[in-house]
Amino acid sequence: MNATTAHATAPDQGRIVLLTTSHRVAPGLLSWPAWQALRTADRVLCADGAHPQLPYLREAGIRVDEAAPTAEELVDACAGGRTAVVVATGEGDPALTDGLARLAGSGRVHMPELELLPASYDLPGARLLDLVQVMDRIRVECPWSSRRTHKGLAKYAIEEAYELVEAIEDGDRDELREELGDVLLQVVFHARIAEEDPDAPFSVDDVAGTIVDKLVHRHPHVFGDETAETPEEVREHWLRTKAAEKQRTSVTEGVPLGQPGLALAVKLASRVRTAGLPVPLPSGEGIGYELLALAARAESEGTDPEAALRAAARTYRDAIRAVEG
């Protein structure tokens, strides 16, 4: 799109194109308007001799001058109707753009036509590439992070998951965004550590590929020929494909015993109910059996006892603070 200038453009003053690119897109993958501007330009300039686009531009037969002209020099270079394309650096060449803005605002210079031309755009999820690069550097250069192991990080995954749940229950959007990032960090951190395994290494791309394959396979009503009109039908598809994948001999397989007691009880009760197994709750004395019965009842009624207990505990906390106040 054309930049708006404070002074009328003289017909023979030419054109300046500021070409911006995203480092999150492979070099050389530029838009067609960008290639047209580069091929028809009288001069192409770039202040960064190590710019990742330069080898691809030169391979395409485009001469690029490694130069950092001032605003005045660039305006003079466009005299006589010439076009100059500036391949912007990662910082965006603020000195040049500020200088052009000052010239345009002065009213004393016949300015060339100014155009900002994005040559490549970030796709959704592109910032995840930044996270992977930052994690790579931290893993190598940080004395603490470089020594972490899967086992040493395990407790942080649990802590961050709890903090995420708290942010959801508080309804704090800013906190929710931050805690989602902390949970995502755990995934990227573990994947980065996994790359160094001498026997069975895998990367964050392998992690992403695995979950993509799983989601596609378990959603035949979205990616296949199956149909599902209700959440219950979706759940049936999910359980059926999961059972075929896992080929488990017991409904208890895959239930982590290290999770909180109420969540464990609910998960077991859900597996039994879904499978239609005639397994009565064990009888016994003590608070444990009473809690087990309460958890099973909550599951059958569609209530999450963990969330219900947390809500009650938060009310209790508020009452304590009220008394203290």
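The paragraphs below set out a description of the structure included in this document. Note that the coordinates shown come from a computational prediction; the quantities given were computed from them, not determined experimentally.

1. Re the packing of aromatic side chains
Overall, the coordinates contain one aromatic pair when judged by the stated rule. An angle of 75 degrees between the planes, with centres 6.2 Å apart, marks the rings of W144 and Y156 as edge-to-face. One end of the pair, W144, is in the loop between α5 (127–141) and α6 (150–170); the other, Y156, is in helix α6, with twelve residues separating them in the sequence. For W144, a relative accessible area of 40% gives the class partly exposed. With a relative accessible area of 26%, Y156 lands in the partly exposed category. One cation-aromatic arrangement involves R218 over W238; the distance from NZ or CZ to the ring centre is 4.8 Å.

2. Looking at the packing of α6 against helix α7 (residues 173–194)
One way to put it is that α6 packs onto α7 with a least axis distance of 9 Å and a crossing angle of 160 degrees. Here α7 runs roughly antiparallel to α6, going by the angle between their axes. The crossing of α6 and α7 is left-handed. Of the residues in α7, those in contact with H150, L153, Y156, A157, E160, A161, E163, L164, A167 and I168 of α6 are E175, L176, E179, L180, D182, V183, Q186, F189, H190, I193 and A194. Residues of the contact of α6 with α7, tallied by class, amount to 13 nonpolar, three polar and five charged.

3. Looking at the sheet that holds strand β3 (residues 65–66)
A sheet is described by the order of its strands in space; here five strands give the open sequence β3-β2-β4-β1-β5, paired in parallel fashion. Of all the strands in the sheet, the pair left with one neighbour each is β3 and β5 (113–118). Sheet topology places strand β1 (residues 15–20) next to β5; six bridges connect them, and they run parallel. Bridge pairing in β5 links I16 to L114.

The rules behind the values
Residues numbered from 1 in each chain as written. Predicted model: local features only at pLDDT ≥ 70, side-chain atom pairs only at ≥ 80, totals over all residues. Heavy atoms only, no water. Phe/Tyr/Trp six-rings, centres within 6.5 Å; stacked < 30°, edge-to-face > 60°. Helix = DSSP H or I, 4+ residues; strand = E, 2+ residues; numbered from the N terminus. Buried < 20%, exposed > 50% of the residue type's maximum accessible area, 1.4 Å probe, protein only. Lys NZ or Arg CZ within 6 Å of the ring centre and 35° of its normal. Axes fitted to C-alpha atoms, helices over the stretch in contact; angles between N-to-C directions. Parallel < 35°, antiparallel > 145°, perpendicular 65-115°, else oblique. Left-handed = near helix turned anticlockwise from the far one by under 90°. Contact = heavy atoms within 4.5 Å. Nonpolar A, V, L, I, M, F, W, Y, C, P; charged D, E, K, R; others polar. Pairing = 2+ DSSP bridges.

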